[in-house]
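Coordinate analysis (summary)
Listed here are the chains, written in short residue letters.
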Amino acid sequence: GSAAQATENSTWIEEERIGYTAPLRPTETLCYEKLEGSYRYEVCIGDGGNSTQTHLGSNPNVVYSLGSYAGSTGWGTGLVTVSFIGGEDEGCGDLKRQATASITCGDTAEIIRVTE
């Protein structure tokens, strides 16, 4: 009915907002970055993608790997979770840096907030 059609029309499809469709093909890796204090964070989503944290206050800038793209879940739900694993050694035994990005629909494709 018209209520179902109105809901469908007002629902943002995250694949359209982010600019690709799932599953990602290797040629469709997309990168986003955000400046936060003296750090720049970058996430590249898709096969071959990675995530990094760059300390801009050092000379030269120091880049830390937060991991490589390990997949995503939640497509079609309005909240997609993207995982990155196998980053740099944290200096605590076998622990490696990793990152998780949560993607929701919005007016622009950008990183809104970074937490550690």
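My aim in this report is to walk through the structure given alongside it, one point at a time. (Residues numbered from 1 in each chain as written. Predicted model: local features only at pLDDT ≥ 70, side-chain atom pairs only at ≥ 80, totals over all residues. Heavy atoms only, no water.)

Regarding its fold elements, the chain presents two helices and six strands. When burial is assessed residue by residue, the chain has 28% of its 116 residues classed as buried. Considering only contacts within the chain whose residues lie at least 6 apart along the sequence, 32% involve residues at least 24 apart. Roughly 7500 Å² of accessible area belongs to the chain as shown, and the carbon and sulfur atoms make up 49% of that amount. (Helix = DSSP H or I, 4+ residues; strand = E, 2+ residues; numbered from the N terminus. Buried < 20%, exposed > 50% of the residue type's maximum accessible area, 1.4 Å probe, protein only. Contact = heavy atoms within 4.5 Å. Areas by Shrake-Rupley, 256 points an atom, 1.4 Å probe, with all protein chains shown as cover.)

Counting residues in hydrophobic clusters, the biggest one holds 14 residues, and the most contacted among them are Ile45, Val82 and Phe84. Elements with a contribution of two residues or more to this core: β2 (39-45), β4 (62-73), β5 (79-85) and β6 (99-104). (Core = buried A, V, L, I, M, F, W, Y, C linked by side-chain atoms within 4.5 Å.)

Turning to the pairing of β5, a few remarks are in order. A one-sided burial pattern is seen for β5, the buried positions being Val80, Val82 and Phe84 and the unburied ones Leu79, Thr81, Ser83 and Ile85. Two elements, β4 and β5, share five bridges in a ladder whose sense is antiparallel. The residue bridging Ser72 from the neighbouring strand is Val82, located in β5. From the end of β4 to the start of β5, which pair antiparallel, there are five residues, and Gly74 there has a positive phi angle of about 95°. (Pairing = 2+ DSSP bridges.)

What follows is about the packing of aromatic side chains. Throughout the structure, instances matching the rule amount to two aromatic pairs. On the numbers, 6.3 Å between centres and 40° between planes, the contact of Tyr39 with Tyr41 is tilted. Here Tyr69 and Phe84 contribute two aromatic rings whose centre-to-centre distance is 6.2 Å and whose plane-to-plane angle is 70°, an arrangement assigned as edge-to-face. Pair noted here: Tyr69 is in strand β4 and Phe84 is in strand β5, with a separation of 15 residues, a long-range link. We classify Tyr69 as buried; its relative accessible area is 17%. (Phe/Tyr/Trp six-rings, centres within 6.5 Å; stacked < 30°, edge-to-face > 60°.)

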